Amino acid sequence: MIPRLVLIAVLFLSHTVTLNAEDPLKVYWVDVEGGAATLILTPAGESILIDTGKPGDRDPARINKLAREEANVSKIDHLIITHFDGDHFGGAADLSKLIPIGTLYDHGVRPQDRERVGEQYLSFESDARLVLTPGDELPLKQAQDGPALTAKVLGVLQRTIEPDDSHSANPLPASGYARKDPDLSHNANSIVLLFEYGDWQFLDAADLTWNLEEKLVSPFNLVGEVDVYQVNHHGLDRSNNTHLIHSIRPTVAVMNNAHRKGTGSETVASLRSSPGLEAIYQVHKCTRDGEEHLNTDEEKIANLKSDEDCEGNHLFISVVEGGSSYSVTVPRTGHVGTFQTK
Ligand SMILES: [Zn+2]
């Protein structure tokens, strides 16, 4: 343990590069080209993977490589599959052949899900399988020093937690925001996870869609305000209800889009108009004709090239010990953005 004063001096003198080596919490976005695979390394040294990209060789191989070579883990301790769409659960069975899986969590395989997920998913090897329901917390090991890390389940299968004394009524009325038709696709079933480390908060609501996003913040804000928002549903406009974004007021948004998927114009408008938003990061550059203006600054984009030329670059967040600040690194460009936790 480095004395705090010495640590502060080191951080001050050497800027964010040394800061990364000391940071106890990291979040990596693996490039699974429009799917989802978010890897968290905890202060106690556990690994949490949320979703596994698509089936086939590419995505499981990229996840395994990043886990072993960047995060230095040899096992996925907690694997959460948010819902049964191929770009989220598809890589799970193949990944289990590359790296051991500890506990698998999902929303439960209902009779109507069995054919969709297939025999491979039902039988791949893990230490345990658990079903998550709203209000659950992941059983995470805690580091000896520093604040607790918690991962709370706010929603599953279109149900949310019940409001309690810790939740306040949302001062932004729902009537001020657009409504969209109810969505009952598999996306709506997404598991919603809120991570907290000290004051630092990160929301991963997977592919939750518009009407369910509304339930998260109205009439009570069940999320609160967050530091980092993984932009729902790869940035598609069927998700990213303006009411949600403006209520949770993220400082940083990270979009796991693809060249031609996500980066919706309404989503980008909602993010850019969100009070307190300081930066948007993208896993991919949007290359749809006439939509270049939807992109963030090029230095904040992990991958510029498409399809077979794609380099599969990741980006990551490091949260300092105690959670008081964090940095976002784009290895392709060397960009490091540093932000104060709210
Ligand atoms: Zn998806």
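Quick summary incoming for the structure in this document.

Regarding its fold elements, the protein presents 8 helices and 17 strands. Taken along its principal axes, the extent of the C-alpha atoms in the protein is 55 × 50 × 50 Å. Out of the 342 residues belonging to the protein, those deemed buried represent 57%. Contacts in the protein between residues at least 24 apart in sequence constitute 68% of all its contacts with a sequence separation of at least 6. A total accessible area of about 14,100 Å² is found for the protein, and carbon and sulfur atoms account for 50% of it. Mean positive and mean negative side-chain charge positions of the protein (30 and 50 charges, respectively) differ by 2 Å.

On to the nonpolar core, then. Ranked by size, the top nonpolar core spans 35 residues in total, and within it Trp29, Ile80, Trp200, Val228, Tyr281 and Ile317 carry the most contacts. Looking at this core, the element that brings in the most residues is strand S7 (residues 149-156), giving 4 residues. Contacts of Trp29, omitting those with residues within four sequence positions, involve Ala37, Thr38, Phe202, Val228, Gln230, Val254, Val283, His314, Leu315, Phe316 and Ile317. Formed by 27 residues, the second largest nonpolar core is a distinct cluster that contains Ile63, Ala67, Phe89 and Phe124.

Glancing now at the coordination of the zinc ion. Each donor-metal-donor angle in an ideal tetrahedron of four donors is 109.5 degrees, and each such angle in an ideal octahedron of six donors is either 90 or 180 degrees. Each protein donor to the zinc ion is listed here as Asp87 (OD), His88 (NE2), Asp207 (OD) and His234 (NE2); together their distances run 2.1 Å. The sequence motif formed by the donor residues of the zinc ion is D-H-x118-D-x26-H. When its relative accessible area of 12% is taken as the criterion, Asp87 is described as buried. Note on His88: relative accessible area 0%, which makes it buried.

Within this structure, the stated rule accounts for 19 salt bridges. Two residues, Lys75 and Asp127, come together in a salt bridge whose shortest N-O distance is 2.6 Å. Of this pair, Lys75 sits in the loop between helix H2 (58-70) and strand S4 (76-80) while Asp127 sits in the loop between helix H5 (114-123) and strand S6 (128-131), and the two are 52 residues apart along the sequence. The salt bridge partner of Glu225 is Lys342, with a shortest N-O separation of 3.7 Å. Pair noted here: Glu225 is in the loop between helix H6 (210-217) and strand S11 (228-230) and Lys342 is in the segment after strand S17 (335-340), with a separation of 117 residues, a long-range link. You can call Lys342 partly exposed: its relative accessible area is 40%. Here the salt bridges share partners, and the residues they tie into one network are Asp31, Glu33, Arg58, Asp59 and Arg62.

Right, let's get into the pairing of strand S12 (residues 252-255). The two faces of S12 match: Val252 and Val254 on one face and Ala253 and Met255 on the other face are all buried. Looking at chain direction, S11 and S12 are connected through 3 bridges and run parallel. What sits directly across from Val228, in S12, is Val252. Read as a crossover between parallel neighbours, the route from S11 over helix H7 (residues 242-248) to S12 is right-handed.

What counts, and at which threshold
Residues numbered from 1 in each chain as written. Predicted model: local features only at pLDDT ≥ 70, side-chain atom pairs only at ≥ 80, totals over all residues. Heavy atoms only, no water. Helix = DSSP H or I, 4+ residues; strand = E, 2+ residues; numbered from the N terminus. Buried < 20%, exposed > 50% of the residue type's maximum accessible area, 1.4 Å probe, protein only. Contact = heavy atoms within 4.5 Å. Areas by Shrake-Rupley, 256 points an atom, 1.4 Å probe, with all protein chains shown as cover. Lys, Arg positive; Asp, Glu negative; His and termini not counted. Charge placed at Lys NZ, Arg CZ, Asp CG, Glu CD. Core = buried A, V, L, I, M, F, W, Y, C linked by side-chain atoms within 4.5 Å. Donors = N, O, S within 2.8 Å, 3.2 Å for Na, K, Ca; no water. Salt bridge = Lys/Arg side-chain N within 4 Å of Asp/Glu carboxyl O. Pairing = 2+ DSSP bridges. Right-handed = clockwise from strand over helix to strand, strands pointing away.

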